[in-house]
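Architecture at a glance
Spelled out, the chains give:
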Amino acid sequence: MKRLLKSPTVNAVCISLFSAFYWFLFALQAGTADYEWLKYYDGSSPFWALWSNLILDGLLMNIAYVLIGVTILVVVLLIIRRRPYDEYHAAILTNCLIVAIILTLIAIAIFYWIVLSEPFWIAGKFTLFIVIHWTTVVFANLTYVLLCRWR
């Protein structure tokens, strides 16, 4: 496992596959002809109404493009690194992944609580969870790559 963590190529492939999967989901959703199923009709929550309107206005593809751009930056920084990372860098990557996992687990817990408290409009809530998850993983990886470039 440590050998895999030391390889910039493995990291680049993993983050690329992860981002490609989520980009595919966002592009698939953006390609649907009818967004009305994503409209939040209950007026009790201004936050969910705002999130619904942002989805309907095409924000998801803008978020996807930004995250794909960050992923490309991470991959380029990983590819131009000629040598494997050492033990110190592998420890930093492990810490970044642990932070991403902890933030994802917190997001899962909050998502579960939100769904239990109001099971209405699950698709929009799940979409927000995916945005948070993807953003957390991509930026944790970017943080790792940047920290390791100066050390």
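Description of the structure in this document. What you see as residue numbers is a count from 1 along each chain, following the sequence as written. Local features are withheld for residues below a pLDDT of 70 in this predicted model, meaning they are given only at 70 or higher, and side-chain atom pairs are given and counted only at 80 or more; totals for whole chains, interfaces and linings count all residues. The side-chain quantities take in all heavy atoms of the structure and omit both hydrogens and water.

**Looking at the packing of helix 2 (residues 8–30) against helix 6 (residues 122–149)**
Helices that pack against each other are described as a pair by the angle of their axes relative to one another and the distance between those axes. Relative orientation of the contacting elements helix 2 and helix 6 amounts to 155°, with a least axis distance of 11 Å. Between helix 2 and helix 6, the angle falls in the class roughly antiparallel. As for how helix 2 packs across helix 6, the hand of that crossing is left-handed. Side by side, helix 2 and helix 6 meet where Asn11, Ile15, Phe18, Ser19, Tyr22, Trp23, Phe26 and Gln29 of the first sit next to Thr127, Ile130, Val131, His133, Trp134, Val137, Val138, Asn141 and Tyr144 of the second. Geometry is summarised by axes, namely lines fitted to C-alpha atoms with helices restricted to the contacting stretch, and by angles between N-to-C directions that run from 0 to 180 degrees. Where helices and strands are cited, they refer to DSSP runs of H or I of at least four residues and of E of at least two residues respectively, numbered from the N terminus. Here roughly perpendicular refers to angles of 65 to 115 degrees, roughly parallel to angles under 35, roughly antiparallel to angles over 145, and oblique to all remaining angles. By definition, any crossing whose near helix is turned counterclockwise from its far helix by less than a right angle is left-handed, and any crossing with a clockwise turn is right-handed. Here a residue-residue contact requires only that any non-hydrogen atoms of the pair lie within 4.5 Å.

**Some words on helix 3 (residues 46–56)**
At 3.6 residues per turn, the α-helix brings residues three or four places apart onto the same side. Each residue gets one of three labels from its accessible area relative to the maximum for its type: buried under 20%, exposed over 50%, partly exposed in between, using a 1.4 Å probe on protein chains only. Along helix 3, the residues classified as buried are Trp48, Trp51, Ser52 and Ile55. For helix 3, the buried positions fall inside an angular range of 100° around the axis, keeping them on one side. Looking one or two residues beyond helix 3, the residue adopting positive phi is Gly58, at roughly 90°. Here the arc refers to the set of directions running from the helix axis out to each C-beta atom.

**Some details on the environment of Arg83**
Within the secondary structure, Arg83 sits in the loop between helix 4 (59–79) and helix 5 (87–117). C-alpha separation for the pair Arg83 and Val145, spaced 62 residues apart in sequence, amounts to 13 Å.

**Side note on unusual backbone geometry**
Trans peptide bonds make up most of the peptide bonds, and negative phi angles are found at most residues other than glycine. With phi around 65°, Trp121 is a residue other than glycine that occupies positive phi space. Looking at where Trp121 falls in the secondary structure, it is placed in the loop between helix 5 and helix 6. A relative accessible area of 7% places Trp121 in the buried class.

**Examining the packing of helix 2 against helix 4**
One can describe the packing of helix 2 onto helix 4 by two numbers: an axis separation of 10 Å at closest approach and a directional angle of 165°. If you check the angle between helix 2 and helix 4, you find them roughly antiparallel. For helix 2 against helix 4, the interelement crossing comes out left-handed. Counting all contacts with helix 2, which are made through Pro8, Asn11, Ala12, Ile15, Ser16, Ser19, Trp23, Phe26, Ala27, Gln29 and Ala30, the residues of helix 4 involved are Leu60, Met61, Ala64, Tyr65, Ile68, Thr71, Val74, Val75 and Leu78. Residues are grouped as follows: Ala, Val, Leu, Ile, Met, Phe, Trp, Tyr, Cys and Pro are nonpolar; Asp, Glu, Lys and Arg are charged; all remaining types, including Gly, are polar. For the contact of helix 2 with helix 4, the class distribution of residues is 15 nonpolar, five polar and no charged.

**Details of the pattern of salt bridges**
What makes a salt bridge here is a side-chain nitrogen of Lys or Arg within 4 Å of a carboxyl oxygen of Asp or Glu, nothing more. Taken as a whole, this structure holds one salt bridge when the rule is applied. A salt bridge links Glu118 to Lys125; the nearest nitrogen and oxygen atoms lie 3.4 Å apart. The buried category is assigned to Lys125, whose relative accessible area is 1%.

**Some points on the nonpolar core**
Definition used in this section: a nonpolar core is a set of buried Ala, Val, Leu, Ile, Met, Phe, Trp, Tyr and Cys residues joined via side-chain atoms within 4.5 Å. The biggest cluster of nonpolar side chains holds 39 residues, and the ones touching the most others in it are Phe26, Trp48, Trp51, Val74, Trp134 and Tyr144. Of all elements in the fold, only helix 2, helix 3, helix 4, helix 5 and helix 6 reach the threshold of two or more residues within this core.

**Remarks on the environment of Met61**
In this fold, Met61 is placed in helix 4. Since its relative accessible area comes to 12%, Met61 is described here as buried. Along the primary structure Met61 and Ala30 are separated by 31 residues, whereas in three dimensions their C-alpha atoms are 7.0 Å apart. With residues up to four places along the chain from it excluded, the contact list for Met61 reads Trp23, Phe26, Ala27 and Ala30.

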